[in-house]
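# Per-entry structural report
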Amino acid sequence: MLLLISLLLCLLHYSHGGAYNVMYYGAKGDGKTDDTKVCDHNEHIAFEEAWQELCNDVGPKSRLTIPLGKTFLVGPINYQGPCKSPSIHVRILGTIIAPDNPSSWSSCETGAWLMFSDVNNLIVDGGGTIDGRGSAWWTKSITEEPKCIIPPTALHFENCNGLRLRQLNHRDSPRNHIGLSRCSNSTLSNLDIAAPANSPNTDGIDVSLSTYIHIHDSVIKTGDDCIALINGSSQINITSINCGPGHGISIGSLGINGEYDIVEGIYVRNCNFTGTQNGARIKTWQGGNGYARDITFEQITLHNVNNPILIDQYYCPSGNNCPTKESAVKISDISYKFFQGTSSSRTAINFDCSNKVACSGISLDQINITSTVTGEATIARCNNAYGASSSTEPNTSTCLLH
Ligand SMILES: *[C@@H]1O[C@H](CO)[C@@H](O)[C@H](O)[C@H]1NC(C)=O
Ligand SMILES: *[C@@H]1O[C@H](CO)[C@@H](O)[C@H](O)[C@H]1NC(C)=O
Ligand SMILES: *[C@@H]1O[C@H](CO)[C@@H](O)[C@H](O)[C@H]1NC(C)=O
Ligand SMILES: *[C@@H]1O[C@H](CO)[C@@H](O)[C@H](O)[C@H]1NC(C)=O
Ligand SMILES: *[C@@H]1O[C@H](CO)[C@@H](O)[C@H](O)[C@H]1NC(C)=O
Ligand SMILES: *[C@@H]1O[C@H](CO)[C@@H](O)[C@H](O)[C@H]1NC(C)=O
């Protein structure tokens, strides 16, 4: 009888004036049943079918609810647009969990678990949780060969305009928690992202090929970069972020394998770094091309940060063989203002610019970074870095080239 009802509901394609609920599509929400496949005897797939109906709804405002108090186990899905409604709203009130065993993933074509492609003016919010259950991916002890060699990003937005992602909890992604690529005019806010400090490659938010993006008022605790801005990021504002543990807010890495990479117009303001490996970091590989320019970090508070201010043009994570190369990504017009707090290493400021292509237009003002070791003074190091500074402790005016 119950089966009959859920089958009927599967077929009825319930909609109440543009309002959809995954429960109408036979989703169980018991945390065990795979809710991508509930109706598969009809070739109806609960979350996918609900998305199809939502995306075909002409609007004006179409909404899908993932209800409170339930846990939905779903496999990888591509929520493909474009949609007919000018505004699509996905409200995640409950919890969505990924398959916990890498070898049980049904596919990994998109490189993401939850993928939204070509959907404009998408709102995703609701206060719920997206749990990638990544721990089995992080350990090297996976015995069965997983279908996906590279662990997937938990939530990825491809080609979006007017995205608003807000008020959500993101947990334990197999890899990056949130990715944006080819997006514009989008805002990410009030996110709570968390994975263990030792989880590999679990960046909080990665942005590439995107412009006019604002990321604000979020807490990010993770095993890799809290936010990484990679190739094609421009006009990005990052404000009021609490980062740590993690590897800081990074521009890059850029220029791997001789790539032409460009990043510009980045503004990071009012952020806290607590116990992070880095604070404000720019990292490029030797041999790259392109540029990173017009980047400002200001009003930054540091607590026990290993590399508070870092430009690393010799980026070479362990395990890589990085021979000397002749080209480099050009770094220019980088400004640091109003930093205060503590460094857990002596070198609080390190501008390790390329020997081949100098950094230019570096400016520092009102910086005061002290050591966590009482009585020990912090120092600044510069290599081929041109710029000027005022009121900066450790003093950079003798190490910057003029
Ligand atoms: C930007 O997105 C907002 C919705 O978040 C929309 O109202 C506005 O029209 C968009 N602006 C542009 C220039 O696309
Ligand atoms: C970024 O901040 C600047 C300065 O406050 C503002 O002019 C600009 O519109 C902001 N851009 C975005 C994408 O939020
Ligand atoms: C980086 O992005 C720019 C455009 O923003 C593009 O022209 C270039 O091909 C990209 N580089 C790579 C290696 O994809
Ligand atoms: C940074 O930390 C201070 C002190 O704990 C706190 O008052 C402030 O709200 C934090 N800033 C952000 C952006 O969370
Ligand atoms: C720098 O910060 C330390 C620790 O907060 C403080 O004692 C010192 O007076 C500050 N220096 C300046 C120049 O503000
Ligand atoms: C930094 O060093 C320069 C050159 O030695 C000196 O003129 C300047 O007063 C120093 N600044 C501070 C804040 O100590």
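Right above here is the structure, for reference.
Residues numbered from 1 in each chain as written. Chains lettered and ligands numbered in written order. Predicted model: local features only at pLDDT ≥ 70, side-chain atom pairs only at ≥ 80, totals over all residues. Heavy atoms only, no water.

The next thing to look at is the overall build of the chain. A count of helical and extended segments in the chain gives three helices and 28 strands. Rg of the C-alpha trace for the chain: 23 Å, near the compact-globule value of 21 Å for 402 residues, within the 12% margin. By principal-axis analysis of the C-alpha atoms, the chain measures approximately 80 × 45 × 40 Å. Among the 402 residues that make up the chain, the fraction classed as buried is 53%. A fraction of 76% describes how many contacts in the chain between residues 6 or more apart in sequence connect residues 24 or more apart. The chain carries 27 positive and 36 negative side-chain charges, and their two centres are separated by 3 Å. (Helix = DSSP H or I, 4+ residues; strand = E, 2+ residues; numbered from the N terminus. Rg over C-alpha atoms; globule rule 2.2 N^0.38 Å. Buried < 20%, exposed > 50% of the residue type's maximum accessible area, 1.4 Å probe, protein only. Contact = heavy atoms within 4.5 Å. Lys, Arg positive; Asp, Glu negative; His and termini not counted. Charge placed at Lys NZ, Arg CZ, Asp CG, Glu CD.)

Quick look at the site of ligand 6 now. Around ligand 6, the surrounding shell consists of Asn 395, Ser 397 and Thr 398. One nitrogen or oxygen atom from the side chain of Asn 395 is found 2.3 Å from an oxygen atom belonging to ligand 6. Protein contacts shield 33% of the accessible area of ligand 6, which totals 360 Å² for the unbound molecule. (Near = heavy atom within 4 Å. Polar contact = N/O pair within 3.5 Å; in protein donor to acceptor, adjacent residues only side chain to side chain. Areas by Shrake-Rupley, 256 points an atom, 1.4 Å probe, with all protein chains shown as cover.)

A few words on the sheet that holds strand β13 (residues 178-181). The parallel open sheet is built from eleven strands, whose spatial order is β5-β8-β11-β13-β15-β17-β19-β21-β23-β25-β27. The sheet terminates laterally at β5 (77-80) and β27 (379-383), the two strands that pair on one side only. Between one strand axis and the next, the sheet turns by 15° as a mean value, whatever way the strands run. Packing of helix α2 (residues 46-56) onto the sheet brings it into contact with β5 and β8 (112-117), and relative to β5 it is tilted by some 5°. (Pairing = 2+ DSSP bridges. Axes fitted to C-alpha atoms, helices over the stretch in contact; angles between N-to-C directions.)

With respect to the secondary-structure elements, Cys 55 resides in helix α2. Distance in space between the C-alpha atoms of Cys 55 and Tyr 79 is 8.8 Å, their sequence separation being 24 residues. Sequence-distant contacts of Cys 55, defined by excluding residues within four places in its chain, comprise Gln 80, Gly 81, Pro 82, Cys 83, Lys 84, Ser 85 and Ile 88.

In the region of ligand 1, the neighbouring residues are Asn 161, Gly 162, Arg 164 and Asn 185. Note that an oxygen atom of ligand 1 is positioned 3.1 Å from one of the side-chain N or O atoms of Arg 164. One nitrogen or oxygen atom from the side chain of Asn 185 is found 2.4 Å from an oxygen atom belonging to ligand 1. In isolation ligand 1 exposes 360 Å². Once the protein is present, 39% of that is buried. For the shell around ligand 1, the class distribution of residues is no nonpolar, three polar and one charged. (Nonpolar A, V, L, I, M, F, W, Y, C, P; charged D, E, K, R; others polar.)

Moving on: the state of the cysteines. Evaluated as defined, the whole model comprises six disulfides. Between the sulfur atoms of Cys 55 and its disulfide partner Cys 83 the distance amounts to 2.1 Å. Between Cys 55 and Cys 83, the S-S torsion sits near -100°, and that sign places the bridge as left-handed. On the criterion of sequence distance, the pair formed by Cys 55 in helix α2 and Cys 83 in the loop between β5 and β6 (87-92) is long-range, its members being 28 residues apart. (Disulfide = S-S within 2.5 Å.)

Before going further, it helps to examine the nonpolar core. Grouped together as the largest cluster of nonpolar side chains are 94 residues, with contacts concentrated most on Phe 157, Tyr 336 and Phe 351. The contact partners of Tyr 336, leaving out residues within four places of it in the chain, are Ala 280, Ile 282, Phe 297, Ile 309, Ile 311, Phe 351, Ile 362, Ser 363, Leu 364, Asp 365 and Ile 367. (Core = buried A, V, L, I, M, F, W, Y, C linked by side-chain atoms within 4.5 Å.)

What follows is about the environment of Pro 76. Within the secondary structure, Pro 76 is located in the loop between β4 (71-73) and β5. For Pro 76, a relative accessible area of 14% gives the class buried. Excluding its chain neighbours within four sequence positions, the residues that come into contact with Pro 76 are Glu 48, Trp 105, Ser 106, Ser 107, Ala 112 and Trp 113.

Moving on: the packing of aromatic side chains. Per the counting criterion, the structure on display carries nine aromatic pairs. Between Trp 51 and Tyr 79 the ring centres are 5.2 Å apart and the planes differ by 80°, which places this aromatic pair in the edge-to-face class. Remark: Tyr 79 occurs in strand β5 and Trp 51 occurs in helix α2; sequence separation between them is 28 residues. For Tyr 79, a relative accessible area of 6% gives the class buried. Centroid distance Trp 51 to Phe 116: 5.7 Å. Interplanar angle 80°. Geometry classified as edge-to-face. With Trp 51 in helix α2 and Phe 116 in strand β8, this residue pair connects regions lying 65 residues apart in the sequence. The burial state of Trp 51 is the same as that of Phe 116; both residues are buried. By way of ring pairs, the aromatic residues Trp 51, Tyr 79, Phe 116 and Phe 157 are connected into one cluster. In this structure, Arg 293 is placed above the aromatic ring of Tyr 291, and the distance from its NZ or CZ to the ring centre is 3.7 Å. (Phe/Tyr/Trp six-rings, centres within 6.5 Å; stacked < 30°, edge-to-face > 60°. Lys NZ or Arg CZ within 6 Å of the ring centre and 35° of its normal.)

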